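Below are the chains, spelled out letter by letter.
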Amino acid sequence: MYPQKEFGNSSFKSSWFNEFPDWLEYSIEKDTLFCFYCYLFKPNSEEHGGGNAFVGGGFSNWKKKERLQTHVGKSGSAHNRARIKYETFVNQKQNIDCVLFKKSKRTKEEYRIRLNGSIDCVRFLLWQGLSFRRNDESEDSKNQGNFLELLKWLCDHNNEINAIFLNYCI
Ligand SMILES: [Zn+2]
């Protein structure tokens, strides 16, 4: 999925993705790196390890590769707290499905499709360096922001996903 070459004149290597497969995202449009976890569950910028480059404008200081590890930091770091929030977000619903309601296989599969559809949209926005949301996300807004508009586009072009999302507010 990622371009298997070095990018432009920079020394960014696609092999870095192998080192940080869970969170490293490359924005083709901005030629910068982002953190998937911190982008979704933004910590306060002032307490963020290695600055907030991986969240705000993106990171492109190719000569300082060690900043990637600095960004991850120790167990209580802002990045790791964002990671835990993400993992909780993903697991929470699964646990509810399993433990409380003993939902059918079909329901779980639908949940997985909804989650993957949403996450794919987020990743696409990251790659393209697009903003996530806008102020007016109400249902009658003409433009609900990139994320919701992209999700609607995905639904419009995929009957299976559309049928599943129709049952839920997005
Ligand atoms: Zn991060």
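Small disclaimer: the values here were computed from a predicted structure and weren't measured. The written sequence of each chain sets the order in which its residues are numbered from 1. Local features in this predicted model are restricted to residues whose pLDDT is 70 or higher, and side-chain atom pairs enter the listing and the counts only when it is 80 or higher, whereas totals over whole chains, interfaces and linings include all residues.

### Quick look at the environment of Thr32
And then number 1: A run of H or I in DSSP becomes a helix once it reaches four residues, and a run of E becomes a strand once it reaches two; helices and strands are each numbered from the N terminus. Checked against the element boundaries, Thr32 lands in strand 2 (residues 32-35).
And then number 2: Put simply, a residue is buried when 20 or more other C-beta atoms lie within 10 Å of its own C-beta and exposed when 12 or fewer do; between those, it is partly exposed, and each C-beta is set from the backbone. Owing to 21 C-beta atoms within 10 Å, Thr32 belongs among the buried residues under this scheme.
And then number 3: Spatially, the C-alpha atom of Thr32 lies 5.1 Å from that of Phe59, the residues being 27 residues apart in sequence.
And then number 4: Dropping the residues within four chain positions of it, Thr32 is found in contact with Ser27, Gly57, Gly58, Phe59 and Ser60. Contact definition: two residues whose C-beta atoms, as placed from backbone geometry, lie within 7 Å.

### Comments concerning the packing of helix 5 (residues 105-127) against helix 6 (residues 146-156)
And then number 1: Taken N-terminus to C-terminus, the directions of helix 5 and helix 6 make an angle of 125°; their axes are 10 Å apart at the nearest point. One element, helix 5, and the other, helix 6, form an angle in the oblique class. As helix 5 packs across helix 6, the resulting crossing turns out to be right-handed. On the side of helix 5, the interface is formed by Gly117, Ser118, Cys121, Val122, Phe124 and Leu125, while helix 6 contributes Asn146, Phe147, Leu150, Leu151 and Leu154.
And then number 2: Residue polarity follows a fixed list, in which Ala, Val, Leu, Ile, Met, Phe, Trp, Tyr, Cys and Pro are nonpolar, Asp, Glu, Lys and Arg are charged, and the others, Gly among them, are polar. Class assignment for the residues of the contact of helix 5 with helix 6 results in eight nonpolar, three polar and no charged. Whenever a helix is involved, its axis is fitted only over the stretch in contact; in every case the axis is a line through C-alpha atoms, and angles between N-to-C directions fall within 0 to 180 degrees. By the definition adopted for this analysis, an angle is roughly parallel if under 35 degrees, roughly antiparallel if over 145, roughly perpendicular if from 65 to 115, and oblique otherwise. By definition, turning the near helix anticlockwise from the far helix through less than a right angle yields a left-handed crossing, and turning it clockwise yields a right-handed one.

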